[in-house]
Every structure is written in structure tokens, then in C-alpha cells.
Amino acid sequence: MTIQGTDRRSEGIVALDPTSGPLEKPTGRKLAARPSDLDGQVIGLVTNGLGRSQEFMTALSGELAKISRPGGVIHVVKNSVSIAPERADWARLTSEASVAITGFGG
Amino acid sequence: MAAGSGLASVIGMLRAARHDYPDYASLVEDYYERGWTDGLPIVPPTPESVECFLDHAGLAPDAILGAVPTRDVVVTAEHAAINAVMAGCRPDYFPTVVAAVRAHLHEKANCHSTTGTLSGASQIVVVNGPVRNEIGIECRGACFGPGFRANATIGRALRLVIRNVCRAVPGVFDRASLSTPFRYSFCFGEDEEANDWKPLHVERGFAPDQSAVTVHSTMIVCEVMDYTSRTPEAICDGWLAEILRRGIFADRFVAEANILIVVSAEHQRYFAQAGWSKADVRDYLWKQCQASGENAKRIMLGGPEGFLIVGAGGPGHATTWLFFPHLAWAITQAIDPASATRRT
């Protein structure tokens, strides 16, 4: 087989980028500020519902309450294991929570 | 002009960045260093070769084959052609690659989950219809293994699209713990000529003379070797032991799963001798699952049609392979020859 476009040895080879762009795309977004402690923060706890992930997050919120005074806790369990949270979940998190922790069970 | 098509050249329309190399060796090294390969050498995707592939499928470079919204990715025909060239495909394989990419990017094929999962799910491409014989898809002896260009490169092309375009790169969106060598390439054809079983694509609504691919995202592959069973029921019971032990799972998004069952020639023979159709096999499997008490809840197929049965392989080894699904539907997609599509 002749590879089209590669038979002109003296001219080298011109080849195409196979990707949809750099892995780190410039989005203009940056990480949210990290608070120094959780006092007064409303903590969003997001899980995929697999295994004992909900149980773990409940225990985690209990542990966090021992070392800080959160302003509240919001539990979000994804509607389905394999897909991203739904719009309503995102809206609830971004409007009500000031920090968030995600986790999953397997 | 595009080779033989009478269409205007699309080389000027290609949007991919171009890179110059003095020779093949430096190109291969650079593509590897940039993370653009699966670790194996690639065929240079020159503008001329990509144009030739697009011409064979009758597609414009910017034709959209699908998207992965969670990754902000839209997959075009140009993307697919570049990666198909790299995989080592022949131009006449490209319509089959396009169909496989479209199938994998169907919403219910769940690309984001199946390519990002810790479990390292793989994509199995089953080819049906006349295209198998036209381009040399192996359906019989050793069809899962190396040595068949169409099988090897079509499966590889899909995986390169998943890597390079859908961004399923280890450490980025590929989070597999161990992954699997099935992710290099897994494509084969159904041996439709072996017996009178209805081909998979026909069972899923396509005409026998229509070529099609079915893409199944597989989490676990289980071989059931069974040299002692001599009846359809006994062979099925061997499969059921594994199916009931492992379960077949779906989530709320997928709702109902499919399991792909590839039956070798030796096992097919016993079904044929007893006059069992694929529907008979499915009905038996489904009834046994339903009768399995608590285990029935772990078989999330929705009905007997969730058993996707395919005959393949050469004679001699009495075996059946069970492909347990990841969280996705198996999607069957028609292969459109260039004559059925048109560049716009």
C-alpha cells in the first residue's frame, strides 16, 4: 500500500492532528476559592448511590460536624449511577451550597 | 479532485492542525510523545489519505457523527477519518468505522461512563450483512484474534476516536484501574452463513441485505467452555450458571441492559440439530432467569430480547463467550455506503 501524501520523500510528510483539541482546554473558568475552615459553610455532599456511598457521606458529615460548625448539609444522590448530576441537582448545589464534596461507591 | 468521485477536493476544508515531519520515523515518535496513539505505530494521516476516506463514505469533513456533552466534544467525520487512517484501515472500511462511531455515540451507549469507568469497559464491534464479505471481516476461525486487517483496524479506529477525540486518555477521562487489552481493538463478524439463525442486525430490525454494526460496551468477558453438554438446554444451563452468579446490571439511566452471547460453531451445531432458533434460546434463558428466585432481580434485561445472540468462530472448540455489559445499551447502526450518502 502506498500511503497517500507520503511518497514525496524530499518534501517530508504533512500529517493531521487527530484530536478534538488539547486535553486542557482554556475555559476561562478557575477553581472556586477554598475556605480555610467549614464554619458557617453549607456543605454539598454528592454521591452516585453505588455501594455504601450514601452511608459513607452521612458518616462524613457527622465527622465534619465534630471539627467544625457547618451552616448546613445538602445531600445529593445522582439520579443514575452512570451519568452526571441533573440540572436540578446542579442548580440546588450552586444556589444553596458554598462548598461541595463528591464521592462514589463501587 | 477527490479520487474517482468527481467531487471537489476537501483538503482545503480540513480543520485539523497540520504538522510537518522529515520522515516516517520522526512522525511516529512525535505522535506517540504527544499521546496520540495507543502505543503502537500508526499510519500517517495525511490530508490526501483523509480526503480519500471521506470520499469513500461520501461525507463532508464537518459532518457530525455524535457528541459527548459532558466532555464538550463533538465528533466529526474528519476526526473519524484521521483516526481510521492512523489505525491502518483501508478507505473502504471507513463507512463501517463511521457506523461504529455513530453507534458508540448514541446517548444510550453512554460513552462518558463506558470509557471513563474504573472497570475499564471495552467496546465490542459486531459486523453484520454483506459488508463482511466485501471488505473481509473475519467471522470464523480465530475471528477474535490478530491476523485480519479489517477486524483489527476497524476496532482500533473506534478506540483511537475514543482516545483522541472523546479524550478517554488514561489519567484524564480514562480512569480504569487495570483496563483491558480488548481496548486495543475488538471487532468481528457474525457467521451468518453457518446456519439458518437470523442475523443479529435482522433481529434488531434491519433487512438482511443491509450491512450494520452493533457496538456493545462490555465490562466482563466470561468464556464458558463446555465439551460435555449435548443438548441446547444443557449448554444454556452452563451459560446460566455464570449469568445468575454474576448478574446483569443496569442503572436508572440505562434501565434495561443487554448481554452479548457469542456461540462458537461447536455449540451452534447442537442448537441447529435440535431445531432451536435464536428466539428459542432467548426464551429458554429468560424463563430460567425468571424462575431463579431472588437471582431474577439481578438480571436487569427487561425481557428475552436483552440476550443478543451471535454465531461466530471456527470448528473444534466447544465454547461460548458471554460479554456482560457495562452501563449502556448495545446499539445497532446501519452502514451507509457512499452511494447512500452525499457530501453537502
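Residues numbered from 1 in each chain as written. Chains lettered and ligands numbered in written order. Predicted model: local features only at pLDDT ≥ 70, side-chain atom pairs only at ≥ 80, totals over all residues.

This next bit is on the overall build of chain B. A tally of helices and strands in chain B yields 11 helices and 10 strands. In terms of C-alpha radius of gyration, chain B reaches 20 Å, essentially the compact-globule figure of 20 Å for 344 residues. Its C-alpha atoms give chain B principal-axis dimensions of about 65 × 40 × 35 Å. By sequence separation, contacts in chain B at least 24 residues apart represent 81% of the contacts at least 6 residues apart. (Helix = DSSP H or I, 4+ residues; strand = E, 2+ residues; numbered from the N terminus. Rg over C-alpha atoms; globule rule 2.2 N^0.38 Å. Contact = placed C-beta atoms within 7 Å.)

Time to look at the interface of chain A and chain B. Chain A puts 22 residues into the contact, and the matching count from chain B is 42 residues. Across the side of chain A that touches chain B, the residue classes break down as 10 nonpolar, 10 polar and two charged. In terms of strand pairing, strand β1 (residues 13-16) of chain A meets strand β1 (residues 18-21) of chain B through four bridges, oriented antiparallel. Of the residues in β1(B), the one forming a bridge with A15(A) is H19(B). (Nonpolar A, V, L, I, M, F, W, Y, C, P; charged D, E, K, R; others polar. Pairing = 2+ DSSP bridges.)

Residues other than glycine seldom take positive phi values, yet R167(B) does so here, at roughly 65°. We classify R167(B) as buried; it has 23 C-beta atoms within 10 Å. (Buried ≥ 20, exposed ≤ 12 C-beta atoms within 10 Å, placed from the backbone.)

Let us now look at the packing of helix α3 (residues 77-87) of chain B against helix α4 (residues 94-104) of chain B. All names here are of chain B. Viewed as axis vectors pointing N to C, α3 and α4 meet at an angle of 120°, and their least axial separation amounts to 10 Å. Between α3 and α4, the interaxial angle falls into the category oblique. The way α3 lies across α4 gives a crossing that is right-handed. Along its contact with α3, which presents A77, A80, A81 and A84, the element α4 presents F94, V97, V98 and V101. Across the contact of α3 with α4, the residue classes tally to eight nonpolar, no polar and no charged. (Axes fitted to C-alpha atoms, helices over the stretch in contact; angles between N-to-C directions. Parallel < 35°, antiparallel > 145°, perpendicular 65-115°, else oblique. Left-handed = near helix turned anticlockwise from the far one by under 90°.)

It is worth spelling out the packing of α3(B) against helix α7 (residues 149-165) of chain B at this point. Residues and elements named next belong to chain B. It is at 8 Å that the axes of α3 and α7 come closest, and there the two elements cross at 130°. Relative to α7, α3 is oriented oblique. The two elements α3 and α7 meet at a crossing, and its hand is right-handed. On α7, the residues touching H79, A80, N83, A84, M86 and A87 of α3 are T153, R156, A157, L160, V161, N164 and V165. Here the contact of α3 with α7 is built from residues that sort into eight nonpolar, four polar and one charged.

Moving on, we get to the environment of A241(B). Mapped onto the elements of the fold, A241(B) is located in helix α9 (residues 232-246). Since 11 C-beta atoms lie within 10 Å of it, A241(B) is described here as exposed.

Moving on: the confidence of the model for chain A. Averaged over all residues, the pLDDT of chain A is 86; the fraction at 70 or higher stands at 88%. Within chain A, β1(A) carries the highest mean pLDDT (98), whereas strand β4 (residues 99-103) of chain A carries the lowest (90). (pLDDT = per-residue confidence, 0-100.)

Time to look at the sheet that holds β4(A). All names here are of chain A. Overall, parallel pairing links the three strands, which are arranged β3-β2-β4 in an open sheet. Two strands bound the open sheet, and with one partner strand each, they are β3 (72-77) and β4. With strand direction ignored, the average angle separating the axes of adjacent strands in the sheet is 20°. Note that strand β2 (residues 42-47) and β3 share six bridges and pair parallel. Of the residues in β3, the one forming a bridge with T47 is V77. Relative to β2, helix α1 (residues 53-67) is tilted by about 160°, and along the sheet it contacts β2, β3 and β4. In this fold helix α2 (residues 87-96) packs onto β2, β3 and β4, with an angle of close to 165° to the strand it touches most, β3.

Residue and element names in this part refer to chain B. With respect to the helices and strands, the residue L240 is situated in helix α9. The exposure class assigned to L240 is partly exposed, which follows from the 19 C-beta atoms found within 10 Å. Linking L240 and A212, residues 28 residues apart in sequence, is a C-alpha distance of 28 Å. Other than its neighbours up to four places away in sequence, L240 contacts L285 and Q288.

Counting 106 residues, the largest nonpolar core has A84(B), V97(B), V125(B), I259(B) and I261(B) as its most contacted members. If sequence neighbours within four positions are ignored, A84(B) has contacts with F53(B), C89(B), Y93(B), F94(B), V97(B) and A157(B). Among the nonpolar cores identified, the runner-up in size contains six residues, and I43(A), L45(A), V46(A) and A97(A) belong to it. (Core = buried A, V, L, I, M, F, W, Y, C linked by C-beta atoms within 7 Å.)

Here the focus is the confidence of the model for chain B. Overall, the predicted model of chain B reaches an average pLDDT of 95, with 96% of residues at or above 70. Predicted complex, confidence summary: ipTM 0.93, pTM 0.92.

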